[in-house]
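What follows is the residue order along each chain.
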Amino acid sequence: MNRRLSARRHGRRLTPRRAAAAVLATLGALVAILLGTATPASAHAALLRTDPADGSVVQTAPQRVVLTFSEGVLLSADSLRVLDPQGANVAVGTPAHADGEDSGATATVALRAGLGNGTYTVAWKAVSQDSHPVAGAFTFSVGAPSKTTVDLAAQAAVGGGAAGTLYGVARYVAYGGFALLVGGCVFLSVCWPQGARLRPMKRLAAGGWVALVAATIALIMLRGPYANGTGLGDAFDLDVIRTQLETRPGAALVSRLLLLAAAAVFLAVLFGSFTEREDPEERADLAWGLGIGGSVVAVGIAATWAMAEHASVGIQRKVAMPVDVVHLVSMAVWLGGLITLLTALGVPSAAATLERAAVRRFSTVALTAITALVGTGTYQAWRQIGTWRAFTDTSYGRLLLIKIGLVCCLVATAWFSRRWTQSLGEAVPAAAASGRAGTAGRVARQKARGEARRTPRQAVVATAGGPEAAAGPEGPQEPGQGAQDGTDTAAGGAAGRADGPGDSSGADTGRDDAVERAAGGDPRRAAQLRRQQAVRAAARERKVRDADPARVALRRTVLIEAGIAVVLLTVTTILTGSQPGRAAEEQKRLAKAPAAPGASAPAATAPQQVSLSIPFDTGGAGGKGTASLTLAPPRAGRDAEVHMELTDPAGKPIKAPEVRLAFTLPAQHLGPLPAKVRAFTAGHWIATGVRLPLAGTWQLALTVRTSDIDEVTVTRDVQITS
C-alpha cells in the first residue's frame, strides 16, 4: 500500500517533460505578450520634405504636390489625395514618381487648375521598398489659412489594427518555421542521419515546413489589409490579393511558396530513400545530392526575405542582400538545430540513442553558424545604425541592444553545453552496472525477507506447489486480492521476459500473450495490465536515457538555449518592423526643410507652447495629484514635444506605473492618436515626435494609473494652430 502511494506521489512530480512543457508554455505566453503589445510597424520610408512645405502659406496655387522620402516607395491609385476646405479631392490623374535622379523616393500628383484660397490637406500612403506601409497627412494654405471640413476618418492608420497584429504573428511563425525546417534538416542529414528514421524527428522538420507554408499563405492574404489599413474582409478579396501579388513583397511571397514545393521533395527524399539506403556508396552519393539541393532551396527561401526587406534598401544593397541571406541561413541552422537537439535528447532510449559524435558534430556546425552570425550581424548593425548615438536615441537601436544581449546570453549558455558535450556518455557504463547490481541486490533481499516470513505449513505447500503458497505471513488473502497480486507479478514477469533482446514484434506478441493469460480473459484487467506495462517500460527507458548525468545536464542547458532563442526570434521579428536608426537620424536632420519659393511661414503671433494644469484622482491610496503639462509647439503638422510632471498635493513627484496620452479631433472625426510616452525622471514623463496633422480644437486624454486597479482618464481641450 505504501509502495502504491509512493508511486502515485512520484507520478505527480515535475518530470523533465512536464518541466519543458511548462517552460515552453511560459515562453509562448511571453511571445504572445511581446507580439500583442508591439506597436504598429514604424515608418521605414520617412517623409523628408514636401512641396509645398508642411504648414506653409503660398501666394500662388501650386500645379502639383511633391513628397520626398528617405527611400523608394511603391505607389497605388489612392496614394495621394489633396482635399480642399470643403473636403473635395482636387488631385488630377494618378500618383506617380517625380522625374529626377532618385525618382523612386518621390511621389507626386497634379492639381486642378484655378484653386481658390484656403487650407488644403494632403493625405498620403505608400509602401516602403522594405515592404512596410507608411501613411500620414499635412496641410498647406493658398493665400491665407482657413477652416476646413476635411474628415480623415477613412484615412486609417496603415500597418496597425487587427491586420497588423496578425501580420506580425504570421511573420514570426514564418521565421520559426524556416528555422525548424533548415535547422532540423541540417541536424538530421549532417549530424545524426540515424535520427531521420524516428517519427518525432520527422514530425519536427515536417512541422517547420507546414508552419512556413501556412504563414506564407497568411501573409499573402493579409498583405492587402496590412498595407492599405483596411478591414480583415479584404484578406479574402481576390482583386486585392492579385494587386498585392504584383508588388515586390507579393512576388517574394509567391517565390517562397514555389521554393517550399521543392523543399517538400527534399523532405520526401531525406525521410525516404536516404534512410532506406544500406549501401554506403549510394548513401554518400545521395547525401551529396541532398546537400547541394537543400542548400539551393534554403538560400532561395532566405533570399525571399532579403529581396523585400531592410537589406533591399539603403546603402550597399548589392552587398547587404547576400550578407542578409547568410545571416538568415546561419540563424536557422543554429536555432533550428537547437530545437532538434533538444528533441533528440528527449527521444526514448528504446527508439534510438543520440551518440556523442552526433552532438559534437552539431557543436562544430553551431560554432560555424555563430561565427557567421556575428560577422554578418556586425555589418548589418553598422549599415542600419550609422552612428553610436542611434543605439540609444532610436527604437531600432534599443531593440538591437536587446538582441545583442540575448545573443551574448545564448553564446554563454552554449559554452556550458559544449562543456557537457565533451563528457557525454562517459558515466553510462558505470551507472548501468551499478543499476544492475542494485537491482539484483534488491531482488535477493526481497526474496530472503519473503522466505523468512513464511510459516512452516506455507513452506511445505509452496514446495508441493499448492494453492496456499500465495498467502502471505498474515494468512490467507481476501477473495480476489491474491489472484490480483499474482496476476500483476505474472504479467510483470512475462513483460520483463518479453522486453529482453530479440525481435520487437516477437517481444510485443510475448507481452500480449502474457497479459491475456494473466488477465484470465477479463478485458478491463488486460487493459489495466497493458497500462502498467507501458508505465514500467517508459520508466526503464527514462532510467537508461538519464543514466548519463552529462546527458541530463546537456538537455537542461539546451532547453535554456531554446528558450532564449524563442525570445530572440521575437525581438528579431519586432526589429524587422522598426525604422532603421540611420533612416530615423536622417529624418531628424532633414525635418526642417526650407519652404518652397513663394511660401511664407505661419504668423509669428502663434503661441510657442500650451501649458495645462490637470488635477486627477485615481481613487486609491496616493491617487490624488496634478499633472502639469506643456506642449510645444502647438502647431499642426509639426513635431511637438510634451512634458508632464505628476505631483501629489504636497508637491512631491508621483511615480506612476503607467501614463498614457492620446489626442482626438472631434470636429473632423480624427483620432484618437496615441502619443508614445516614456518616463524621463521621477514623476516626469515625456513624449516626442507628437504630430497633429490639422489645426483645430483637439481633445487631450490623459490616463494615469497609480496601482494595479486604480486608474483614471481626464480630458482637456488644446488649441492647435496652422
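This is a predicted model, so every value here is computed, not measured. (Residues numbered from 1 in each chain as written. Predicted model: local features only at pLDDT ≥ 70, side-chain atom pairs only at ≥ 80, totals over all residues. Heavy atoms only, no water.)

### Here we look at unusual backbone geometry
Then step 1. Note the cis peptide between Asp-51 and Pro-52, where omega equals 5°.
Then step 2. Its place among the elements puts Pro-52 in the loop between strand E1 (47-51) and strand E2 (57-58).
Then step 3. Residue Ala-632 is joined to Pro-633 through a cis peptide bond whose omega torsion reads -10°. (Helix = DSSP H or I, 4+ residues; strand = E, 2+ residues; numbered from the N terminus.)

### Some remarks on empty space enclosed by the protein
To find the voids left in a structure, one rolls a probe of water-molecule size over its atoms.
Then step 1. All chains considered together, the criterion is met by three cavities of 30 Å³ or more.
Then step 2. Approximately 130 Å³ is the volume attributed to the largest cavity.
Then step 3. Every residue along the wall of the largest cavity is listed here: Ser-131, Tyr-167, Arg-171, Leu-219, Pro-249, Ala-252, Leu-253, Arg-256, Thr-304, Trp-305, Ala-308 and Glu-309.
Then step 4. Of all elements in the fold, only helix H3 (161-191), helix H6 (248-270) and helix H8 (280-306) reach the threshold of two or more residues within the lining of the largest cavity.
Then step 5. Counting residues per element, the lining of the largest cavity draws most heavily on H6, at four residues. (1 Å grid on protein atoms, 1.4 Å probe; cavity = no way out; pocket = protein on both sides within 12 Å on 5 of 7 lines; lining within 4 Å. Points joined across faces, edges and corners; volume = space filled by probe spheres on them.)

### A few points about helix H4 (residues 199-228)
Then step 1. For H4, spanning 30 residues, the distance from its first C-alpha to its last is 43 Å, which sits close to the expected 44 Å at 1.5 Å a residue.
Then step 2. For H4, the principal kink sits at Leu-222 and spans about 45°; a proline, Pro-225, occurs within the next four residues.
Then step 3. Looking at the residues trailing H4, positive phi occurs at Gly-229, about 70°. (Expected span 1.5 Å × (residues − 1). Bend = angle between axes of the 7 residues up to and from the residue.)

### Section: the environment of Ala-565
Then step 1. Counting through the fold element by element, Ala-565 comes out in helix H18 (residues 549-576).
Then step 2. Sequence separation of Ala-565 and Met-331 is 234 residues, and the distance between their C-alpha atoms is 9.8 Å.
Then step 3. Leaving out residues up to four positions away in the same chain, Ala-565 has contacts with Leu-335 and Leu-410. (Contact = heavy atoms within 4.5 Å.)

### Comments concerning the sheet that holds strand E6 (residues 91-96)
Then step 1. The strand order across the open sheet formed by four strands is E1-E3-E7-E6, and the pairing between neighbours is antiparallel. Among the strands making up the open sheet, the edge pair consists of E1 and E6. Taking each pair of neighbouring strands and ignoring which way they run, the sheet shows an average axis angle of 15°.
Then step 2. In this structure, E6 lies alongside strand E7 (residues 106-111), joined through three bridges in antiparallel fashion. If you follow Ala-96 over to E7, its bridge partner there is Thr-108. (Pairing = 2+ DSSP bridges. Axes fitted to C-alpha atoms, helices over the stretch in contact; angles between N-to-C directions.)

### Details of the nonpolar core
Among soluble globular proteins, nonpolar side chains are generally buried collectively.
Then step 1. Core analysis: the biggest nonpolar cluster contains 85 residues, and Phe-178, Phe-187, Trp-334 and Leu-354 have the highest contact counts within it.
Then step 2. Beyond its immediate chain neighbours, meaning those up to four positions away, Phe-187 contacts Trp-192, Gly-337, Thr-340, Leu-341, Ala-344, Leu-354 and Phe-362.
Then step 3. Grouped together as the second largest cluster of nonpolar side chains are 34 residues, Ile-614, Val-690, Leu-702 and Val-718 included. (Core = buried A, V, L, I, M, F, W, Y, C linked by side-chain atoms within 4.5 Å. Buried < 20%, exposed > 50% of the residue type's maximum accessible area, 1.4 Å probe, protein only.)

### Some words on the pairing of strand E14 (residues 658-665)
Strand residues, when the strand is regular, have side chains that alternate between the two faces of the sheet.
Then step 1. Judged from the seven bridges that link them, E14 and strand E18 (residues 696-705) form a sheet pairing that is antiparallel. Counterpart to Ala-662 in the pairing with E18 is Ala-701.
Then step 2. Two strands pair when backbone bridges link them, and E14 and strand E15 (residues 670-675) are joined in this way by four bridges, in the antiparallel orientation. Looking at the pairing, Leu-665 lines up with Leu-670 of E15.
Then step 3. In textbook terms, the turn of a hairpin is the stretch between consecutive antiparallel strands, and for E14 and E15 this stretch comprises four residues, one of which, His-669, has a positive phi near 55°.

### Regarding the pattern of salt bridges
Then step 1. Under the defined criterion, the tally for this structure stands at seven salt bridges.
Then step 2. In this structure, Asp-239 engages Arg-242 in a salt bridge whose closest nitrogen and oxygen atoms are separated by 2.8 Å. With Asp-239 and Arg-242 both in helix H5 (residues 238-245) and three residues apart, this pair spans about one turn of that helix.
Then step 3. Judged by its relative accessible area of 46%, Arg-242 falls in the partly exposed class.
Then step 4. Residues participating in the shared-partner salt-bridge network are Glu-658, Arg-660, Arg-705 and Glu-711. (Salt bridge = Lys/Arg side-chain N within 4 Å of Asp/Glu carboxyl O.)

### Topic: the packing of aromatic side chains
Then step 1. A full pass over the atoms with the stated rule returns nine aromatic pairs.
Then step 2. A centroid spacing of 4.0 Å and a plane angle of 5° characterise the contact between Tyr-167 and Tyr-226, whose relative ring orientation is stacked. Residue Tyr-167 is located in helix H3, and its partner Tyr-226 is located in helix H4; the two are separated by 59 residues in the primary sequence. You'll find Tyr-167 and Tyr-226 in the same group, each marked buried.
Then step 3. A ring pair is formed by Tyr-175 and Trp-305, whose centres lie 5.1 Å apart and whose planes are at 15°; its orientation type is stacked. Placement of the pair is Tyr-175 in helix H3 and Trp-305 in helix H8, with a sequence separation of 130 residues.
Then step 4. The ring of Trp-305 has Arg-256 lying over it, and the distance from NZ or CZ to the ring centre is 3.9 Å. (Phe/Tyr/Trp six-rings, centres within 6.5 Å; stacked < 30°, edge-to-face > 60°. Lys NZ or Arg CZ within 6 Å of the ring centre and 35° of its normal.)

### Some remarks on the pairing of strand E17 (residues 684-691)
Then step 1. Here strand E13 (residues 639-647) runs beside E17; their pairing, made up of six bridges, is antiparallel. Bridging from a neighbouring strand, Asp-639 pairs with Arg-691 of E17.
Then step 2. The sheet contact formed by strand E16 (residues 678-681) and E17 spans three bridges and is antiparallel. Bridging across to E17, Thr-681 finds its partner in His-684.
Then step 3. What sits between E16 and E17 in their antiparallel hairpin is a turn of two residues, with Gly-683 showing a positive phi close to 75°.

### Some points on the sheet that holds E17
Then step 1. Reading across the sheet, the five strands line up as E11-E12-E13-E17-E16 and stay open at both edges, with antiparallel pairing between neighbours. Looking at which strands have only one partner, the edges of the open sheet turn out to be strand E11 (610-617) and E16. Averaged over neighbouring strand pairs, the angle between their axes works out to 25° when direction is ignored.

### A short note on the packing of H3 against H18
Then step 1. Relative orientation of the contacting elements H3 and H18 amounts to 130°, with a least axis distance of 10 Å. Overall, the two elements H3 and H18 adopt an arrangement that is oblique. Both H3 and H18 take part in a crossing whose hand is right-handed. Counted together, Gly-168, Arg-171, Tyr-172, Tyr-175 and Gly-176 of H3 and Val-566, Leu-569, Thr-570, Thr-573 and Thr-576 of H18 form the full contact between these two elements.
Then step 2. Its residues assigned to classes, the contact of H3 with H18 shows four nonpolar, five polar and one charged. (Parallel < 35°, antiparallel > 145°, perpendicular 65-115°, else oblique. Left-handed = near helix turned anticlockwise from the far one by under 90°. Nonpolar A, V, L, I, M, F, W, Y, C, P; charged D, E, K, R; others polar.)

### Quick look at a nonpolar patch on the surface
Then step 1. Taken together, Leu-245, Val-254 and Leu-258 make up a surface patch of nonpolar side chains, about 240 Å² in accessible area.
Then step 2. With respect to the helices and strands, the residue Val-254 is situated in helix H6. (Patch = residues over 30% accessible without salt bridge, like charges linked within 9 Å, V, L, I, M, F, W, Y side chains within 5 Å. Areas by Shrake-Rupley, 256 points an atom, 1.4 Å probe, with all protein chains shown as cover.)

### Section: the confidence of the model for the protein
Then step 1. Scored by pLDDT, the protein has a mean of 75; 72% of the residues are at 70 or more.
Then step 2. When the criterion is pLDDT under 50, residues 1-16 qualifies, and its contacts beyond four places in sequence or with other chains add up to six contacts.
Then step 3. Across residues 22-43 the pLDDT falls below 50, and counting only partners more than four positions away or on other chains, this stretch makes 26 contacts in the model. (pLDDT = per-residue confidence, 0-100.)

### A closer look at the side chain of Asp-324
Then step 1. Position of Asp-324 relative to the elements: it lies in helix H9 (residues 317-345).
Then step 2. Put simply, Asp-324 is tucked away with no salt bridge, and the nearest opposite charge, on Arg-383, sits 7.7 Å away.
Then step 3. Those residues in contact with Asp-324 that lie beyond four places of it in its chain are Trp-305, Ala-306, Ala-311 and Gln-380. (Lys, Arg positive; Asp, Glu negative; His and termini not counted.)

### Brief notes about the packing of H4 against H9
What describes two packed helices is the angle between their axes and the distance between those same axes.
Then step 1. Relative orientation of the contacting elements H4 and H9 amounts to 160°, with a least axis distance of 10 Å. By the angle between their directions, the pair H4 and H9 is classed as roughly antiparallel. Handedness of the crossing formed by H4 with H9: right-handed. The segment H4 lies against H9, with Pro-200, Met-201 and Leu-204 engaging Ile-339, Thr-340, Thr-343 and Ala-344.
Then step 2. Within the contact of H4 with H9, the residues separate by chemical class into five nonpolar, two polar and no charged.

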